[in-house]
Amino acid sequence: MSAPVPNPGILDIHAYVGGEAHAPGASRLIRLASNEGALGPSPKAVAAYTAVAGQIHRYPDGGSKALRAGLGRRFGLDAERIVCGNGSDDVLQLLTRAYAGAGDEVLHTVHGFAIYPISARFAGATPVAAPETNLKTDVDALLARVTPRTRVVFIANPNNPTGSYLNRDELRRLHAGLPENVLLVIDAAYAEYVDAPDYTDGSDLVDEFSNVVMTRTFSKIFALGGLRLGWAYCPAAVADVLNRVRGPFNVASSAQAAGLAALEDVEFLEKSRRHNAQVREWFVGQVRELGLVVHPSVANFVLISFAEQKGDRANAEGARLLLKSRGILVRQVGSYGLPHCLRVTIGLEDEMREVVAGLADWVAGK
């Protein structure tokens, strides 16, 4: 008896696997594997979430009107060209399926977010990975791989898991080298953490050109990962396309309420940003003193390379397992082609001190 056969490319997908969330036997769990916000959500967001509990039998606003208006006010954007989704992953997949299909190519960097090649194969397109230079997006390498079949180019800026970024001029040079019929998607999930003066989230390019989209998320600095809330800022024509293909009620009322309250709690947002910058700087210094390589990062995580310490994959895995035995969960990023690296989310100060102590013991051979 034959069974249903999925569309071509589906069985070539390597299912996305998130960071670990459990360490059996640990008396205290320190979760630093998924780049979640260190301070948790704004108390105002929690209150807004709780306030709608009695109305969950009602369908949400299908257009997320109040949330889009809040996003427009907060970031100085045209709310009519904002489209909200069930996490930014939802928006990224919708963009891919709307603009690429069988016979097309979707371009990304070799260490870019795993959802990009997954989205491409789901749409029936072919993912094409361009090499990076020193764990940073290489504009020339990307442009060299553009072909007549290229339909979408994904850039995570800052990039996960490397923490690097393209500056304003580099991003504009990339766009300038793309054909007008190629959609450049700038995934700025970690934009709120960046304080580099030469950085842009890409919204200026969206306002200037018809083939650029910027996506953002509430899962990182706003710490609403459990509610699945993301959004895109688009040219009007692209926003129209997304509104045609998205689910009719694709954002829960609880997510809309909490997201709007989080946006309006500017004081808590700034507190989260300051915490990340201060603790990240301290943590990087401490780990480098241990003799480990820590790559520069502008996000809420750092990438630690073990290749130059003792030379093989087992060292990164051994360090991860030692930390896990103490209830500390970090991410070994073999799925991103970096098996010798650990990605460590910036958590609370006492949590990061425990990470440093664990890595110190690993270096000392304990």
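Note that the coordinates shown come from a computational prediction; the quantities given were computed from them, not determined experimentally.

**Q** So what exactly am I meant to see when it comes to the sheet that holds strand E15 (residues 341-345) here?
**A** The strands making up a sheet associate through hydrogen bonds between their backbones, and the pairing can be parallel or antiparallel. Taken in spatial order, the four strands line up as E11-E12-E15-E14 in an open sheet, and their pairing is antiparallel. Two strands bound the open sheet, and with one partner strand each, they are strand E11 (293-295) and strand E14 (331-332). When strand E12 (residues 301-305) meets E15, the two strands line up antiparallel, connected through five bridges. Considered in E15, the bridge of Ile304 is made with Leu342. Contacting E11, E12 and E15, helix H10 (residues 266-289) crosses the sheet at an angle of about 10 degrees to E12.

**Q** Looking at this model, I keep getting lost on the side chain of His108. Mind explaining?
**A** The topology assignment puts His108 in strand E3 (residues 105-109). Residue classification places His108 among the buried positions, given a relative accessible area of 7%. Those residues within four positions of His108 in sequence are excluded, and the remaining contacts are Tyr116, Pro117, Pro127, Val128, Ala129, Ala130, Leu142 and Phe154.

**Q** How should I be thinking about the sheet that holds E3 in this particular structure?
**A** The sheet built from seven strands is open, its strands ordered E2-E10-E9-E8-E7-E3-E4 with mixed pairing. Unpaired on one side and paired on the other, strand E2 (82-85) and strand E4 (126-130) mark the two borders of the sheet. Each adjacent strand pair in this sheet contributes to an overall mean axis angle of 20 degrees, direction not counted. Pairing geometry for strand E9 (residues 212-217) and strand E10 (residues 230-233), over four bridges, is antiparallel. Looking at the pairing, Thr215 lines up with Ala232 of E10. Contacting E2, E3, strand E7 (150-156), strand E8 (183-187), E9 and E10, helix H3 (residues 88-99) runs over the sheet at an angle of about 155 degrees to E9. Where helix H4 (residues 115-122) meets the sheet, its contacts fall on E3, E4, E7 and E8, and the angle it forms with E4 comes to roughly 155 degrees.

**Q** Quick question: what am I supposed to make of the pattern of salt bridges here?
**A** As a working rule, side chains carrying opposite charge can pair if their charged atoms are close by. What the rule picks out here adds up to 19 salt bridges. As a salt-bridge pair, Arg172 and Asp204 come within 3.5 Å of each other at their nearest N and O atoms. Of this pair, Arg172 sits in helix H6 (residues 168-176) while Asp204 sits in helix H7 (residues 203-208), and the two are 32 residues apart along the sequence. Residue classification places Arg172 among the partly exposed residues on the basis of a relative accessible area of 28%.

**Q** Explanation requested: the packing of helix H2 (residues 65-75) against helix H9 (residues 253-264) in the structure shown.
**A** Where H2 meets H9, the axes come as close as 9 Å, and the angle between the chain directions of the two elements is 20 degrees. Taken together, the axes of H2 and H9 lie roughly parallel to each other. As for how H2 packs across H9, the hand of that crossing is left-handed. Contacts between H2 and H9 involve Ala66, Leu67, Gly70, Leu71, Arg73, Arg74 and Phe75 from the first element and Gln256, Gly259, Leu260, Leu263 and Glu264 from the second. Of the residues belonging to the contact of H2 with H9, the class tally is six nonpolar, three polar and three charged.

**Q** Can you help me understand the nonpolar core in this one?
**A** Considering soluble globular proteins, one finds that nonpolar side chains tend to be buried as a cluster. Of all hydrophobic cores here, the largest spans 50 residues; its most connected members are Leu67, Leu71, Leu184, Phe218 and Trp231. The dominant element in this core, judged by the number of residues it contributes, is H9, at five residues. Counting residues domain by domain, this core receives three or more from each of domain 1 (19-40 + 267-364) and domain 2 (43-264). In this structure, Leu71 is in contact with Gly76, Ile82, Cys84, Phe218, Trp231 and Leu263, ignoring residues within four places of it in sequence. By size, the runner-up hydrophobic cluster in this structure holds 31 residues, among which are Val91, Phe113, Ala125 and Leu242.

**Q** What am I meant to see in the domain arrangement of the protein chain here?
**A** The extent of an interface is frequently quoted as the accessible surface area lost upon association of the parts. As far as domains go, the protein chain holds domain 1 (19-40 + 267-364) and domain 2 (43-264). The C-alpha-based centres of domain 1 and domain 2 are spaced at 26 Å. On the side of domain 2, 25 residues touch domain 1, which itself brings 23 residues to the contact. When domain 1 packs against domain 2, the two sides together hide about 2000 Å² of surface, and 63% of this comes from carbon and sulfur. Inspection of the region where domain 1 meets domain 2 yields zero salt bridges. Here domain 1 and domain 2 share eight residue pairs in polar contact (both at pLDDT 80 or more) between them.

**Q** Is there a simple way to explain the packing of helix H1 (residues 43-51) against H9 in this structure?
**A** Helix-helix packing is described using two parameters, namely the angle between the two axes and the distance between the axes. Remark: H1 packs on H9, axes separated minimally by 8 Å, with the N-to-C direction vectors making an angle of 155 degrees. In terms of their interaxial angle, H1 and H9 are classed as roughly antiparallel. Crossing of H1 against H9: the hand is right-handed. The segment H1 lies against H9, with Lys44, Ala45, Ala48 and Tyr49 engaging Ser254, Ala257, Ala258, Ala261 and Ala262. Of the residues in the contact of H1 with H9, the class split is seven nonpolar, one polar and one charged.

Thresholds, definitions, all that
Residues numbered from 1 in each chain as written. Predicted model: local features only at pLDDT ≥ 70, side-chain atom pairs only at ≥ 80, totals over all residues. Heavy atoms only, no water. Pairing = 2+ DSSP bridges. Helix = DSSP H or I, 4+ residues; strand = E, 2+ residues; numbered from the N terminus. Contact = heavy atoms within 4.5 Å. Axes fitted to C-alpha atoms, helices over the stretch in contact; angles between N-to-C directions. Buried < 20%, exposed > 50% of the residue type's maximum accessible area, 1.4 Å probe, protein only. Salt bridge = Lys/Arg side-chain N within 4 Å of Asp/Glu carboxyl O. Parallel < 35°, antiparallel > 145°, perpendicular 65-115°, else oblique. Left-handed = near helix turned anticlockwise from the far one by under 90°. Nonpolar A, V, L, I, M, F, W, Y, C, P; charged D, E, K, R; others polar. Core = buried A, V, L, I, M, F, W, Y, C linked by side-chain atoms within 4.5 Å. Domains from an automatic or database assignment. Buried area = accessible area lost by both parts, 1.4 Å probe. Polar contact = N/O pair within 3.5 Å; in protein donor to acceptor, adjacent residues only side chain to side chain.

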